[in-house]
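Secondary and tertiary structure notes
Listed below, chain by chain, are the residues.
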Amino acid sequence: MSAATKPARRELKFTSLDDVVRDAEHLLAVGYDRAGNWDLAQCCTHLAEWMRFPIDGFPKPPLPIRALLWVARHTVGKAKFREYVGGGRMPTGKPTMPQTVAAPGGDAAAAVVKLRQAVERFKAHAGDIHPSPLFGAMNKDEATRLQLVHCAHHLSFLVPRAS
């Protein structure tokens, strides 16, 4: 499939983190076409990284970005959280931390394992959830719902091939 004939993005809504892992494993097993820019290894690595931040803490961004995030968190952060989680969608084309984006062409099988391990660790976590730099304080249920929307966002750009 050429870049000019990219498939349409999938409509995805996950109800559990186990559904996320099953979808990634299915994409690995049957192959996929890209409706976006990232491959399966990039998506799974990115999602695994973002799944550990609420547990381990978020990386400290550079000072100018920290200031912007502080303002956003104290003005529109909660409204954006409700918009994303309530609507089940995240906007496309928004910047992310470069250290959470792997180079293309990575080991997809290893990345799916990394995602599965991150999901298991997230599900088992019984401690506090670190506040999001954008959305602020969250409980485990809120953090889980945000993870489900984030995972659906990225995996929706990978369209399984007919088996």
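Overview of the structure. (Residues numbered from 1 in each chain as written. Predicted model: local features only at pLDDT ≥ 70, side-chain atom pairs only at ≥ 80, totals over all residues. Heavy atoms only, no water.)

Next up on the list: helix α1 (residues 17-30). Compared with an ideal rise of 1.5 Å per residue, which puts 14 residues at 20 Å, α1 spans 20 Å between its outermost C-alpha atoms and is within 8% of the ideal. Among all positions of α1, only Leu 17, Val 20, Val 21, Asp 23, Ala 24 and Leu 27 are buried. All buried residues of α1 fall inside an arc of 160° around its axis, so they share one side. Structurally, α1 contributes buried residues whose contacts are with β1 (32-34), α2 (40-56), α5 (108-124), α6 (140-155) and β2 (158-160). Among the residues trailing α1, Gly 31 stands out with phi positive, at a value near 85°. (Helix = DSSP H or I, 4+ residues; strand = E, 2+ residues; numbered from the N terminus. Expected span 1.5 Å × (residues − 1). Buried < 20%, exposed > 50% of the residue type's maximum accessible area, 1.4 Å probe, protein only. Arc of directions from axis to C-beta. Contact = heavy atoms within 4.5 Å.)

Tallied over the full model, the rule gives 13 salt bridges. Ionic pairing is found between Arg 10 and Asp 23, a salt bridge with its closest N-O pair at 2.8 Å. With Arg 10 in the segment before α1 and Asp 23 in helix α1, this residue pair connects regions lying 13 residues apart in the sequence. Classification of Arg 10 as buried rests on a relative accessible area of 15%. (Salt bridge = Lys/Arg side-chain N within 4 Å of Asp/Glu carboxyl O.)

In this structure the tally under the stated criterion is five aromatic pairs. With centroids separated by 5.7 Å and ring planes inclined at 45°, the aromatic side chains of Phe 53 and Phe 58 adopt a geometry described as tilted. Residue class for Phe 53 comes out buried when judged on its relative accessible area of 1%. Taken together through their ring pairs, the aromatic side chains of Trp 50, Phe 53 and Phe 58 make up a single cluster. Over the ring of Phe 122 we find Lys 140, and its NZ or CZ is 5.5 Å from the ring centre. (Phe/Tyr/Trp six-rings, centres within 6.5 Å; stacked < 30°, edge-to-face > 60°. Lys NZ or Arg CZ within 6 Å of the ring centre and 35° of its normal.)

Here Glu 11 lies in the segment before α1. It is 33 Å that separates the C-alpha atoms of Glu 11 and Gly 127, two residues lying 116 residues apart in sequence. Polar contacts involving the side chain of Glu 11 include one to the side chain of Arg 89, which spans 3.5 Å. (Polar contact = N/O pair within 3.5 Å; in protein donor to acceptor, adjacent residues only side chain to side chain.)

Function cannot be inferred from these measures alone, as they are strictly geometric.
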